[in-house]
Amino acid sequence: MASHLSYGRVNLNILREAARRDLREFLDKCSGSKAIVWDEYLTGPFGLIAQYSLLKEHEVEKMFTLKGGHIPSAAVKNIVFFVRPRLELMDIIAENVASEDKLQPPRDFHILFVPRRSLLCEQRLKEKGVLNSFTNIDEYILDLIPYDSDLLSMESENSFRECYLENDQTSLYHTAKGLMTLQALYGTIPQIFGKGECARHVANMMLRMKREFAGTLIPTLPVFDTLLLLDRNVDLLTPLATQLTYEGLIDEVYGITNGYVKLPPEKFAQKKQEEGGKDLPTEPKKLQLNSAEELYAEIRDKNFNAVGAALSKKAKIISAAFEERHNAKTVGEIKQFVSQLPHMQAARSSLANHTSIAELIKDITTSEVFFDNLTVEQEFMTGVDTDKVCMYIEDCIAQKDPLIKILRLVCMQSVCNNGLKQKLLDYYKREILQTYGYEHILTLNNLEKVGLLKPQSTMRNNYPTIRKTLKLWMEDTNEQNPNDISYVYSGYAPLSVRLTQLLARPGWRSIEEVLKMLPGPHFEERQQLPAGLHKKRQPGENRTTLVFFLGGVTYAEVAALRFLSQMEDSGTEYIIATTKLINGTSWIKSLMDHPEAPLF
């Protein structure tokens, strides 16, 4: 199942196996049959670590979602709650435990907090009078979850909001702990670079933990050469832009959650429809998206305009492979063809699925609405009329388009102009509040606090200087055979990834002036390696850099980093880690106090 995790430069299956081992140990503490009561948010991340079969091996017989009232009846000895440390969840658990039927044989209750135990939560259970009902109260440290062979995420849904809006640095502590776990498995990372306030905090916590655990870490030959910590607020522009890679567009339009996407079922039922004439399915089609699927690994990071050609090329290869059966004359040849059949059928089914997805997305990308939206985004990114009222935004508000779409564009204009003139900002705010309701004043206030929508200060607009110096806009981007990371946004090179690229070569000293214009400090730290553990690099061997995005990363940025890893002369391979995989919609939604309809 998880073999694709071990194909990359770094075997991330080691991390997954460590997480599975800890889970088994906890389940074995609760001897006898078990029912797990899940905090619904955790089911997705846990699905990437362990399937139901693993739980079944450890006597898990039933699974329920955490809800108020009674726990559904189950003839089991143990009830295990898997929950995040949230006070509102403690109230539901207390209600579950209190409503336990006294006539039934007593059951043992256990709580597993993910990722950390919380004294406040235990206090709440005590106040509700149920704390003593629990046999085991434990924590399960699920910090970094392997998503793919080069991608790790903490799936901490509100980390950006917590750090930049609520000044709550808990997720930074979890990040530092996750990096310590990583170093315990893969060796000390000798070089640490960072940019931003949160990056500085994480590095400081990591170095302090390293000193505290000095004697307990088993020396391991380091796998990573460099760690780069990047604050999301160093590059606020990239997540606001519409991603134009295949995977990025699937996420923009349908949303990818824990490696799965739910799609409208009609497109996937046509063939069966013609055959059986049965009713169309109404359940969304759920597909898993990762590099275990050969075709997806090949096309996911391409610009969407290059996907059609790649799919038709694949279709020709598959049909040619099926035609081979006519040439199979001898028993040996027939046997060989039959042995390849399962792989060929899987490839054909994969091709059918991705052709359907590509058609669904093409319907959107060829629409006038999408094109107009993209044109305005690209005008802002190239600095066209960023200091004036945008007619397109006015029209969208007048037509009452989804609020998130409006907020993404207004924030983008503000970021590309280093803030908006007070008069212009007030005008946009007034239009938004009068059209969508005054309750959104809280959201506008939040966006201002995190720096996405702000009045222009007396400082001059640095964005044009940053854009020119770092070559953030590339004319005539080649989308079919790219030669620069800007292909992921059809012209715009993500600032975060450009910083990563320049760190590897020629180094940040060459862009010292630009780094000072971006928020937060930039720094470099070195961690001493034990004697004998210095890595001897073979001639031509690439360096391995772990890039950690604090506050979220988009699939387009991931694609751009994969592109850098694959460049012949880059000399560096990248593993990407983040607090959360985000897109502009989910990011703005996390900052809203009244989330609403999707973008397209």
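For the structure, check the block above.
The notes below deal with the structure included here. As the structure is a prediction and not an experimental result, all values here were calculated from the model.

**Considerations on the pattern of salt bridges**
Link 1 in the chain: According to the stated counting rule, one finds 35 salt bridges in the structure shown.
Link 2 in the chain: Residues Lys-267 and Glu-359 are paired through a salt bridge, measuring 3.1 Å at the closest nitrogen-oxygen approach. Placement of the pair is Lys-267 in the loop between strand 11 (260–263) and helix 11 (270–276) and Glu-359 in helix 14 (residues 331–365), with a sequence separation of 92 residues.
Link 3 in the chain: For Lys-267, a relative accessible area of 21% corresponds to the partly exposed category.
Link 4 in the chain: Since its relative accessible area comes to 35%, Glu-359 is described here as partly exposed.
Link 5 in the chain: With its nearest N and O atoms 3.7 Å apart, the salt bridge here joins Glu-294 to Lys-314. Remark: Lys-314 occurs in helix 13 (residues 307–323) and Glu-294 occurs in helix 12 (residues 294–299); sequence separation between them is 20 residues.
Link 6 in the chain: For Glu-294, a relative accessible area of 47% puts it in the partly exposed group.

**Points about the side chain of Glu-247**
Link 1 in the chain: Structurally, Glu-247 is set in helix 10 (residues 246–253).
Link 2 in the chain: Excluding its chain neighbours within four sequence positions, the residues that come into contact with Glu-247 are Ile-256, Tyr-296, Arg-300, Asp-301, Tyr-555 and Arg-562.

**Structural notes on the packing of aromatic side chains**
Link 1 in the chain: Taken as a whole, this structure holds 17 aromatic pairs when the rule is applied.
Link 2 in the chain: Taken together, a centroid distance of 6.0 Å and an interplanar angle of 70° make the contact between Tyr-186 and Phe-224 edge-to-face. Here the residue Tyr-186 occupies a position in helix 7 (residues 170–186), and Phe-224 occupies one in the loop between helix 8 (197–212) and strand 9 (226–231), the gap between them amounting to 38 residues. Comparing Tyr-186 with Phe-224, the two get one shared label, buried.
Link 3 in the chain: What links up through ring pairs into an aromatic cluster is the set Phe-26, Trp-38, Phe-46, Phe-82 and Tyr-140.
Link 4 in the chain: Residue placement shows Arg-200 over the ring face of Phe-523; its charged tip is 4.1 Å from the ring centre.
Link 5 in the chain: One cation-aromatic arrangement involves Lys-286 over Tyr-260; the distance from NZ or CZ to the ring centre is 4.7 Å.

**Quick look at the environment of Leu-55**
Link 1 in the chain: Tracing the backbone shows Leu-55 in helix 3 (residues 52–57).
Link 2 in the chain: A sequence separation of 126 residues divides Leu-55 from Thr-181, and the C-alpha atoms of the two residues are 24 Å apart.
Link 3 in the chain: Residues contacting Leu-55, with those up to four places away along its chain left out, are Leu-23, Leu-27, Ile-36, Trp-38, Val-60 and Met-63.

**Observations regarding the sheet that holds strand 10 (residues 256–257)**
Link 1 in the chain: Read from one edge of the open sheet, three strands run 10-11-12, paired in antiparallel fashion. The open sheet terminates on both sides in strands that have one partner only, identified here as strand 10 and strand 12 (285–288).
Link 2 in the chain: Alignment of strand 11 against strand 12, held across four bridges, turns out to be antiparallel. Note that in strand 12 the partner of Leu-263 across the bridge is Lys-285.

**Describing helix 8**
Link 1 in the chain: Taking 1.5 Å per residue, 16 residues should reach 22 Å; helix 8 reaches 23 Å between its end C-alpha atoms and fits that length.
Link 2 in the chain: The complete set of buried residues in helix 8 reads Cys-198, Ala-199, Arg-200, Val-202, Ala-203, Met-205, Met-206, Leu-207, Met-209 and Lys-210.
Link 3 in the chain: Along its buried surface, helix 8 packs onto helix 6 (159–164), helix 7, strand 8 (191–195), strand 9, strand 13 (522–526) and strand 14 (543–550).

**Looking at the nonpolar core**
Link 1 in the chain: By size, the foremost hydrophobic cluster in this structure holds 167 residues, and its most contacted members are Phe-82, Leu-229, Leu-452 and Leu-499.
Link 2 in the chain: The element that contributes the greatest number of residues to this core is helix 17 (residues 403–416), accounting for ten residues.
Link 3 in the chain: For Phe-82, the contacting residues outside a window of four places in its chain are Leu-23, Phe-26, Leu-27, Ile-36, Val-37, Trp-38, Asp-39, Leu-42, Phe-46 and Leu-112.
Link 4 in the chain: Core analysis: the second largest hydrophobic core is formed by 24 residues, Phe-64, Ile-71, Val-83 and Val-97 among them.

How each quantity is defined
- Residues numbered from 1 in each chain as written.
- Predicted model: local features only at pLDDT ≥ 70, side-chain atom pairs only at ≥ 80, totals over all residues.
- Heavy atoms only, no water.
- Salt bridge = Lys/Arg side-chain N within 4 Å of Asp/Glu carboxyl O.
- Helix = DSSP H or I, 4+ residues; strand = E, 2+ residues; numbered from the N terminus.
- Buried < 20%, exposed > 50% of the residue type's maximum accessible area, 1.4 Å probe, protein only.
- Contact = heavy atoms within 4.5 Å.
- Phe/Tyr/Trp six-rings, centres within 6.5 Å; stacked < 30°, edge-to-face > 60°.
- Lys NZ or Arg CZ within 6 Å of the ring centre and 35° of its normal.
- Pairing = 2+ DSSP bridges.
- Expected span 1.5 Å × (residues − 1).
- Core = buried A, V, L, I, M, F, W, Y, C linked by side-chain atoms within 4.5 Å.

Such coordinate-based values are descriptive only and should not be taken to indicate function.
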